[in-house]
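# Geometric and topological summary
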Number of protein chains: 2
Amino acid sequence: MNDLKQYIEANKERFLEELFSLIRIPSVSSKSENKPDMLKCAERWKELFLAAGCDKAEVYPTDGAPVVYGEKIVDKNAKTVLVYGHYDVMPAEPLELWKTSPFEPTIVDGRIYGRGANDDKGQALMHAKAFEYLLKTNQLTCNVKFMMEGEEEVGSKHLYAFCEKYKEMLKADVILVSDTSMIDSETPSITVGLRGLTYLEVEVTGPNRDLHSGLFGGAVANPINILCKMVASITDEKNRITIPHFYDDVLTISEEERALMAKAPFNVEEYKKAIDVEELCGEEGFTPMEHVGIRPSFDLCGIWGGYTGEGTKTVLPSKAFAKLSMRIVPNQDPDKISALFKAHFESIAPKCVKVEVRPHHGGNAYVSPIDMPAYKAAEKAFEATYGKTPIPTRSGGSIPIIAGFDKILGTKSILLGFGLESDAIHSPNESYRLDHFFKGIETIPYFYKYFGEMKA
Amino acid sequence: MNDLKQYIEANKERFLEELFSLIRIPSVSSKSENKPDMLKCAERWKELFLAAGCDKAEVYPTDGAPVVYGEKIVDKNAKTVLVYGHYDVMPAEPLELWKTSPFEPTIVDGRIYGRGANDDKGQALMHAKAFEYLLKTNQLTCNVKFMMEGEEEVGSKHLYAFCEKYKEMLKADVILVSDTSMIDSETPSITVGLRGLTYLEVEVTGPNRDLHSGLFGGAVANPINILCKMVASITDEKNRITIPHFYDDVLTISEEERALMAKAPFNVEEYKKAIDVEELCGEEGFTPMEHVGIRPSFDLCGIWGGYTGEGTKTVLPSKAFAKLSMRIVPNQDPDKISALFKAHFESIAPKCVKVEVRPHHGGNAYVSPIDMPAYKAAEKAFEATYGKTPIPTRSGGSIPIIAGFDKILGTKSILLGFGLESDAIHSPNESYRLDHFFKGIETIPYFYKYFGEMKA
């Protein structure tokens, strides 16, 4: 691997151009208007996989966004690595808060700004480029399979069926994923736990039309007032979720494990300062790292109703809406939680309104064993480039399909993230540090090297 | 008045064309984009007043929307009636719920559909047309002054100063206003009480930027969650407002007066059916008519925050907003209530968020005496055209300037409304019944006749 840094240096402009070509395609999976962009982005990945040296690459249609699959089989008896990533991105809204155009990648102060710069176009492309290096320099000792989906940000709805259908094609010894963060720029980490997710939308209807708030206000239920009361009651004064049986399946984490987790560097004052809040607000009895790592949460992701324009309008609206997510932890089932929420929300609705609960996507939480060979290979790869043993962490985020891979394909995943919290993924001004992008391309080849050398 | 019906019949097409020309001008006072339309609408009223026979009519600029004033002095010793109306309208949003274009008046099944068809272009024009009839047939026995403002829907902010400045010009024995409703098509009523209003906007800020709801959810306060909890706590389980000292100035209504109010025809089942709700939701211990007539209320007129687009976005947003109105009753002071709300809302904000409370317009409640000559004249006018004595009612709506007229000009108002609740003012598909429009033009001349005959 002596020529690795040199190879990256010599090709870095091209690598960036390839990444930029991906960011320029607004592959927002939640918006129907971007449907043509999904296919365009998938086709672009196919080109990139072929250019990097795959024997074959295909765009597979599904009932949703297409899946891109590419592979290079070097030796039928060698180990096989399945690289998973996603080419879809979150909506860029609120657009007015972006300092650069979200779909025109721009480098400012060593960072690439743009929607998907990190999540997951930037992180996924590192794998294609690390593969390209290994192949072109005749150092690839594992078979490599790439699978890029276009529905990760909306729950990977059609990837489960795709995995069932192409189980044989997707067979691998491990799944490698870069879609997470590291603790900080100098502290590599491997994500060994992910929270799951339940996402729902609720609609509260009061009167059958918008009413004059003077003529009716005080006699007729206001659906915004009622919605606020209903969602306010979902958490109590200890910030615990009040839905009956919500915590039934939550596993108790041992004091030993909590003590281990507490060793990860975390400065609460810096954390608060970075987001400019005076106080945090988590479940009583747990630390902030535990709040996001091992405890479920309830967040309103959006709310709307009535008049929201300029100035004033005195109206008692007909309807109010909210979008909400519950992050869940290992052993909680997203469908069960979704059903519990629905039943509870309907049960607490007063008779003066009608409510409708619409479940969106969900996904299971995931915990990865740290004693498997692939974990050790990842550990050694980080040691090779960072000179430090990575810390195993639990992330509050969700990649529901990871639990799905385990279930359908029977294959564990290694979450090798190179992002930083300051990358602001899902937010305006998402970015990815140039040095992290290149360091990722430099670290991944070592994983193949050590994994290839290990006994099965 | 033998030729009155004939005059209306002969001129009805022209009357409608005149009304349509007003509705076509989108004079939405709360939107800065409609500023040119305000002047255009004021100029149109000036033309109409001159055409109807005013000696003079002028558009007076103010620091806000202009005021139109017109007058006809028939005899310096005769009684003077000041007609007040407003040419501004509420925003038409939500546009998608309109069945016809809001600013293109359309007649369907005996109703004129359009924003302002009733409130207040339709009701105000009746006065200009009744005046035209009296003048052209030499039956006008009172001096008439017209004052049309363009900021009623946003609190009449600049009309107070206008009244102060032109106190002498606006001198009158009574103010006549058609901007309210009658009980039903066959039951005329005169509004003798109006609620006042306090309108505010609140902004709750959590983290300084939108965050990933997985990576931060559970540890960091979500401003939507917090906003909902805060506004939910403003009313209790008895639907009473919890702001300390909120009810201090509310006058207790005697059991006798409540018994009188209860005589107005009101069918709770029909009321619920008309707005399609299974149950009402008002303050414990009061009837629906009392809820809107004599008790204060708290309504969220709008709420927004986070992702409100299609599909899903898992975000812990930085900000959440709400617009809210409190209807107040006689003896409550809007500024005092606004200050009480602000202090209370700030006091209940947890340290994990920042809140900002922005007061908008407000206005006092009003009660009109029913023993003054002008009330008796209005009563007789309704008897002449409906054959029934009108019922004195209290409306839940607010026309804050009415209390202002009393204070600044020392002149009482008579609220001679011809609207119906089914006209859906402030809502999509606002309409005004053709028969009500013409019946108003027929009734108003009798008011002048009887009022002119009365001793001062």
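Residues numbered from 1 in each chain as written. Chains lettered and ligands numbered in written order. Predicted model: local features only at pLDDT ≥ 70, side-chain atom pairs only at ≥ 80, totals over all residues. Heavy atoms only, no water.

### A short note on the interface of chain B and chain A
Definition in use: What makes two residues a contact is simply this: any of their non-hydrogen atoms within 4.5 Å. A 1.4 Å probe defines the accessible area here, and the buried area is the portion of it lost by two parts on being joined, summed over both. Salt bridge, as used here, is a side-chain nitrogen of Lys or Arg placed within 4 Å of a carboxyl oxygen of Asp or Glu. Helix and strand assignments follow DSSP, with helices taken as H or I runs no shorter than four residues and strands as E runs no shorter than two, numbered in order from the N terminus. Note: two strands are recorded as paired if DSSP finds a minimum of 2 bridges between them.
Between chain B and chain A, the residue contacts involve 91 residues of the former and 92 residues of the latter. Interface area for chain B against chain A, summed over the two sides, is near 7800 Å², with a carbon-plus-sulfur share of 53%. Our enumeration of links across chain B and chain A arrives at two salt bridges. Sorting elements by how many residues they give to the side of chain B that touches chain A places strand β11 (residues 297-306) of chain B first, with 10 residues. Bridging between strand β11 (residues 297-306) of chain A and β11 of chain B involves five bridges; their strand directions are antiparallel. When the bridges of β11 of chain B are listed, G302 of chain A appears paired with G306 of chain B.

### Quick word on the packing of aromatic side chains
What counts, and what does not: Stacked, tilted and edge-to-face are the three classes applied to pairs of Phe, Tyr and Trp rings, where Trp contributes its six-membered ring and a pair requires centres within 6.5 Å; stacked means planes under 30 degrees apart, edge-to-face means over 60, and tilted covers the rest. The classification of residues rests on relative accessible area computed with a 1.4 Å probe and restricted to protein chains. Under 20% of the type maximum is buried, over 50% is exposed, and intermediate values are partly exposed. Placement of a positive charge over a ring is assigned whenever Lys NZ or Arg CZ falls within 6 Å of the ring centre and within 35 degrees of the normal to the ring plane.
Under the definition given, this model contains 46 aromatic pairs over all chains. Ring geometry for W304 of chain A versus F321 of chain A: centroids 5.1 Å apart, planes at 10°, classification stacked. Of this pair, W304 of chain A sits in strand β11 while F321 of chain A sits in strand β13 (residues 319-328), and the two are 17 residues apart along the sequence. In this structure F321 of chain A comes out as buried when scored by relative accessible area, which is 17%. With a centroid separation of 5.1 Å and an interplanar angle of 75°, the aromatic rings of Y84 of chain B and F405 of chain B are classed as edge-to-face. Of this pair, Y84 of chain B sits in strand β3 (residues 80-86) while F405 of chain B sits in helix α12 (residues 400-408), and the two are 321 residues apart along the sequence. For Y84 of chain B, a relative accessible area of 1% gives the class buried. Here K79 of chain B stacks its cationic end above the ring of F451 of chain B, 5.1 Å away from the centre of that ring. One cation-aromatic arrangement involves R240 of chain B over Y247 of chain B; the distance from NZ or CZ to the ring centre is 4.3 Å.

### Digging into the environment of K238 of chain B
All names here are of chain B. Among the secondary structure elements, K238 is positioned in the loop between α6 (223-232) and α7 (255-261). A relative accessible area of 39% means that K238 is categorised as partly exposed. Expressed as a C-alpha distance, the spacing of K238 and P428, which sit 190 residues apart in the sequence, is 31 Å. In contact with K238, other than residues within four places in its own chain, are G282, E283 and E284.

### A short note on the sheet that holds strand β14 (residues 354-363) of chain A
Cut-off, in case you're wondering: In this analysis, axes come from line fits to C-alpha atoms, helices being fitted only over the stretch in contact, and the angle between any two N-to-C directions falls in the range 0 to 180 degrees.
Within the open sheet, the eight strands sit side by side as β14(A)-β9(A)-β13(A)-β11(A)-β11(B)-β13(B)-β9(B)-β14(B). Their pairing is antiparallel. On the outer flanks of this sheet lie β14 of chain A together with β14 (354-363) of chain B, each paired with one strand and no other. Taking each pair of neighbouring strands and ignoring which way they run, the sheet shows an average axis angle of 20°. In the packing of helix α10 (residues 334-348) of chain A onto the sheet, contacts are made with β9 (196-205), β11, β13 and β14 of chain A, and the angle to β14 of chain A comes to roughly 170°. Lying over the sheet, α6 of chain B contacts β11 of chain A together with β9 (196-205), β11, β13 (319-328) and β14 of chain B, oriented at roughly 65° with respect to β11 of chain A.

### Regarding the side chain of S338 of chain B
All names here are of chain B. Relative to the elements of secondary structure, S338 occurs in helix α10 (residues 334-348). Classification of S338 by relative accessible area gives buried; the value is 9%. Sequence-distant contacts of S338, that is, excluding residues within four places in its chain, are made with T198, L200 and P359.

### Here we look at empty space enclosed by the protein
Definition in use: Here a cavity is any set of points on a 1 Å grid over the protein atoms alone where a 1.4 Å probe fits but cannot get out, and a pocket is any open set with protein on both sides within 12 Å along at least 5 of 7 lines; a residue lines the site when it has an atom within 4 Å of a point. Grid points are joined across faces, edges and corners, and a volume is the space filled by probe spheres set on the points. Polar here means any residue outside two lists: the nonpolar Ala, Val, Leu, Ile, Met, Phe, Trp, Tyr, Cys and Pro, and the charged Asp, Glu, Lys and Arg; Gly therefore counts as polar.
A full pass over the atoms with the stated rule returns three cavities of 30 Å³ or more. One number sums up the size of the largest cavity: a volume of about 70 Å³. If you go around the largest cavity, the residues you meet are R209, D210, L211, H212, L215 and F216 of chain A together with S181, L420, E421, A424, I425 and S427 of chain B. Listed by contribution, the elements that provide at least two residues to the lining of the largest cavity are β10 (211-212) and α5 (213-216) of chain A. In the lining of the largest cavity, the residues fall into six nonpolar, three polar and three charged.

### Overview of the relation of the copies chain B and chain A
The following threshold applies: For this overlay, a least-squares fit was computed on C-alpha atoms, restricted to residues scoring pLDDT of at least 70 in both copies.
Superposing chain B onto chain A takes a rotation of 180° plus a shift of 0.0 Å along the axis, which leaves an RMSD of 0.1 Å. Here the two chains are linked by the operation of a two-fold rotation axis. Of the residues that chain B buries at the interface, 100% are likewise interface residues in chain A, meaning the two copies contact each other through the same surface.

### A closer look at the packing of helix α1 (residues 4-23) of chain A against helix α2 (residues 35-52) of chain A
Residue and element names in this part refer to chain A. Where we set the bar: An angle counts as roughly parallel when it lies under 35 degrees, as roughly antiparallel when it exceeds 145, as roughly perpendicular when it falls between 65 and 115, and as oblique in every other case. Two helices cross in a left-handed way if the nearer one is turned anticlockwise from the farther one by less than a right angle. They cross in a right-handed way if the turn is clockwise.
Where α1 meets α2, the axes come as close as 10 Å, and the angle between the chain directions of the two elements is 160°. Regarding the angle of α1 to α2, the classification is roughly antiparallel. Crossing of α1 over α2 shows left-handed handedness. The segment α1 lies against α2, with E18, S21 and L22 engaging C41, R44, W45 and L48.

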